[in-house]
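Fold and contact review
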Amino acid sequence: MLNVEIAAEPLFSIGPLTVTNSMVGALVASVILLVVAWYVTRRATLVPSRMQVLVEFPIEWIANIVQGTGGSRWRSFAPLVITIFIFVLIANWLGLLPGVGTIGYHAEHHGEEVLIPFVRAAGADLNFTLGLAIVSFIAFIAFGIKANGLGGYLKHTFIANPPYMTPIMTPIHIISELSRLISLSMRLFGNVFAGEVLLATMLALVPLVVPIAFLGLELVFGFVQALVFSLLTMTYVILAIAENEEHGRPELDDPDHDSPGEAPDHRAAPQGTAA
Amino acid sequence: MDLTPLAAGLAMGLGAIGPGIGLGIAVSKAMEALGRNPEASGAIFVPYILGIALAEAIGIYALVVSLILIFAA
């Protein structure tokens, strides 16, 4: 039966905190990460074992991408990008395991009897993706302030170049910064939730064999969305810190730069013209 | 008569046209670039992923609108 709720279903509550099934999903993903990291680093060797290679491979792969595009300060934000990638990847793939979203208990909901799963893919809950997006948002603002100073960051954000354009450009700039928050969270949520709905629909239409193809598709989507979330975070951080650097101009332009207010700003770096 | 399902379907269907065209253009250009210069695959990869993600985001907005129409309205 086709049943995917848009909001995560509450399971039980501890005091004022209501625990939903997507929180369980996120918690399971975190525990898997912690246990694997603890187990692998405890017996890490210079010549890596097979398990160690498996864990090191995504870290090295993302680190190489960050190094290639991140400029001289890539080491400061590479851990954030790698962590987001691995966490979202585990959380997305966890949602595809058999039993997740199908094992649960029956409950009355709006007068109908529905299945409340114990574990739900964490990305299929807007709270999870919005939380990650807020982390990313705070991170790129913090890196911008750290690299350019509070004054430099505020000047860049709130004063346009040329200065008389400020009344028009500043609102556009603020909206474009906030739209990053919304687009980051909505993209991940939309993809994972649409994947859940797609799988449930296919399972209801053709229960045998056919859903396997879509499970494969969802594996790819889960990977791509994890990559997209982490690479967009990386791009935002690079844009925030490279604004006043001499050689720090990233080769990637701001992908969200549908607002005309952004383009002249980045080229307005005082020493930037010397390069 | 409840027209909400129709509205949700239209929102998704019409909203998927633009991202579909955009993704097609992005992928075709990336393949063209790869065909001309296969060694550049590493350099193309990150901008390509970011580009298709941003094109796809528009489709996701349409999806969110139709989900809101179905579940929340």
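Summary of the structure given here. No experiment lies behind these values; they were computed from the predicted model shown.

Definitions and cut-offs
- Residues numbered from 1 in each chain as written.
- Chains lettered and ligands numbered in written order.
- Predicted model: local features only at pLDDT ≥ 70, side-chain atom pairs only at ≥ 80, totals over all residues.
- Helix = DSSP H or I, 4+ residues; strand = E, 2+ residues; numbered from the N terminus.
- Expected span 1.5 Å × (residues − 1).
- Bend = angle between axes of the 7 residues up to and from the residue.
- Buried ≥ 20, exposed ≤ 12 C-beta atoms within 10 Å, placed from the backbone.
- Contact = placed C-beta atoms within 7 Å.
- Nonpolar A, V, L, I, M, F, W, Y, C, P; charged D, E, K, R; others polar.
- Pairing = 2+ DSSP bridges.
- Axes fitted to C-alpha atoms, helices over the stretch in contact; angles between N-to-C directions.
- Parallel < 35°, antiparallel > 145°, perpendicular 65-115°, else oblique.
- Left-handed = near helix turned anticlockwise from the far one by under 90°.

With that out of the way, let us pick up helix α2 (residues 50-70) of chain A. Here α2 of chain A is 21 residues long and its end C-alpha atoms lie 29 Å apart, about the 30 Å a rise of 1.5 Å per residue gives. The largest bend along α2 of chain A measures about 30° and falls at E56 of chain A, with the proline P58 of chain A one to four residues further on. What α2 of chain A keeps buried is the set I62, I65, V66 and G70 of chain A. As for α2 of chain A, its buried residues are in contact with α3 (74-94) and α6 (210-241) of chain A together with α2 (41-72) of chain B. Directly beyond the C-terminal end of α2 of chain A, a positive phi value near 75° is found at G71 of chain A.

A separate point is the interface of chain A and chain B. With 17 residues of chain A at the interface, the matching set in chain B holds 13 residues. Counting only elements with at least two residues in the side of chain A that touches chain B, the list comes to α2, α5 (166-205) and α6 of chain A. Looking at the side of chain A that touches chain B residue by residue, the class counts come to 11 nonpolar, 5 polar and 1 charged.

With that out of the way, let us pick up the pairing of strand β2 (residues 17-20) of chain A. Residue and element names in this part refer to chain A. Pairing of strand β1 (residues 10-14) with β2, which is carried by 4 bridges, proceeds in the antiparallel orientation. The partner of S13 across the bridge, within β2, is T18. In this antiparallel pair of consecutive strands, β1 and β2, the connection spans 2 residues, and G15 shows a positive phi of 60°.

In this section: the packing of α5 of chain A against α2 of chain B. Where α5 of chain A contacts α2 of chain B, the two axes come as close as 9 Å, and the packing angle between them is 70°. Classified by the angle their axes make, α5 of chain A and α2 of chain B are roughly perpendicular. Read as a crossing pair, α5 of chain A and α2 of chain B show a hand that is left-handed. Residues S183, M186, R187, G190, N191 and A194 of chain A of α5 of chain A pack against A53, A57, I60, Y61, L63 and V64 of chain B of α2 of chain B. When grouped by side-chain class, the residues that make up the contact of α5 of chain A with α2 of chain B number 8 nonpolar, 3 polar and 1 charged.

Okay, the packing of α3 of chain A against α6 of chain A next. Residues and elements named next belong to chain A. Interaxial distance between α3 and α6 falls to 8 Å at its minimum, and their mutual angle equals 160°. In terms of axis orientation, α3 runs roughly antiparallel to α6. For the crossing formed where α3 meets α6, the hand is right-handed. Contacts between α3 and α6 involve F77, L80, V81, I84, F85, V88, L89, N92 and W93 from the former and L219, G222, F223, Q225, A226, L227, F229, S230, T233, M234 and V237 from the latter. The residue inventory of the contact of α3 with α6, partitioned by class, reads 15 nonpolar, 5 polar and no charged.

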